[in-house]
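# Geometric and topological summary
Each chain, letter by letter, is given below.
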Amino acid sequence: MSRQPLTSDEYRELVSKLTPPSRMLRGYWRAFWVGGLICCLGQALTLWAQQLNLGEVTAPMFTTSCLIFLGTTLTGFGVYDRIGKYAGAGSAIPVTGFANSVAAPAIEFQREGAVMGVGARLFTLAGPVLAYGIVASVVVGVIYWLVRGWVL
């Protein structure tokens with residue numbers, strides 16, 4: 001006994017019946033408030049660093065270092081993964097998300113040893129981002145240098 005193939009209308013009806021309702025608005029809200037909270041924490045750290053008279057150049061470095069430390073520490077305790085599942089891109093976009101993307105593979109593969117585990121897997125997620133950023137900055141720098149040389 002062979003079954004008749006579905007018509008396109010029957011297929012659309014089946015897909016619409018089986019597809020769960022979209023929760024995009026909820027995801028947008030979660031990403032917005034968690035990402036905003038991380039950025040507010042960064043701004044608070046910068047203001048605190050300025051109160052400590054760390055200077056215009058040193059205060060942002062202090063803030064970035066603190067946020068990277070916080071992201072890596074929360075990754076080590078398994079908290080940042082839960083934040084990531086809840087907030088999505090809201091936790092991935094700030095520098096804490098970058099720290100998470102570097103630390104998570106290193107933590108996961110530490111049992112394979114320092115070289116083949118941590119060393120080899122450290123930049124699994126962040127490596128392509130770093131490589132693209134470095135290559136793009138070199139290309140843009142060369143283009144800028146060439147254009148500046150022709151204009152002047």
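Look up: the structure comes first, before these words.
My aim in this report is to walk through the structure given alongside it, one point at a time. Bear in mind the structure is a predicted one, so any value in this text is a computation, not a measurement.

### Observations regarding the overall build of the protein
- Assigned secondary structure in the protein consists of eight helices and zero strands.
- Counting from the amino terminus, the protein carries its helices and strands in the arrangement α-α-α-α-α-α-α-α.
- Looking at the protein residue by residue over its 152 residues, the buried ones come to 19%.
- At a minimum sequence separation of 6, the contacts of the protein that also span at least 24 residues come to 47%.
- Entry remark: accessible area of the protein is about 11,600 Å², with carbon and sulfur atoms responsible for 69%.

### A word on the packing of helix α2 (residues 24-51) against helix α4 (residues 79-87)
- Running from amino to carboxyl end, α2 crosses α4 at an angle of 135 degrees, the nearest separation of the two axes being 8 Å. The angle between α2 and α4 falls in the class oblique. Taken together, the residues of α4 that come into contact with α2 (itself represented by R30, A31, W33, V34 and I38) are Y80, I83, Y86 and A87.
- Looking at the contact of α2 with α4, its residues break down into eight nonpolar, no polar and one charged.

### Here's the deal with the packing of aromatic side chains
- By the definition in use, this model includes three aromatic pairs.
- Aromatic pair W33 and Y86: ring centres 6.1 Å apart, planes at 75 degrees, arrangement edge-to-face. Taken together, the residues span a long stretch of sequence, with W33 in helix α2 and Y86 in helix α4 at a distance of 53 residues.
- The partly exposed category is assigned to W33, whose relative accessible area is 36%.
- In this structure Y86 comes out as partly exposed when scored by relative accessible area, which is 35%.
- For the pair W48 and F62, a centre-to-centre distance of 5.6 Å together with 55 degrees between the ring planes defines the contact as tilted. Of this pair, W48 sits in helix α2 while F62 sits in helix α3 (residues 55-76), placing them 14 residues apart in sequence.

Parameters and conventions
- Residues numbered from 1 in each chain as written.
- Predicted model: local features only at pLDDT ≥ 70, side-chain atom pairs only at ≥ 80, totals over all residues.
- Heavy atoms only, no water.
- Helix = DSSP H or I, 4+ residues; strand = E, 2+ residues; numbered from the N terminus.
- Buried < 20%, exposed > 50% of the residue type's maximum accessible area, 1.4 Å probe, protein only.
- Contact = heavy atoms within 4.5 Å.
- Areas by Shrake-Rupley, 256 points an atom, 1.4 Å probe, with all protein chains shown as cover.
- Axes fitted to C-alpha atoms, helices over the stretch in contact; angles between N-to-C directions.
- Parallel < 35°, antiparallel > 145°, perpendicular 65-115°, else oblique.
- Nonpolar A, V, L, I, M, F, W, Y, C, P; charged D, E, K, R; others polar.
- Phe/Tyr/Trp six-rings, centres within 6.5 Å; stacked < 30°, edge-to-face > 60°.

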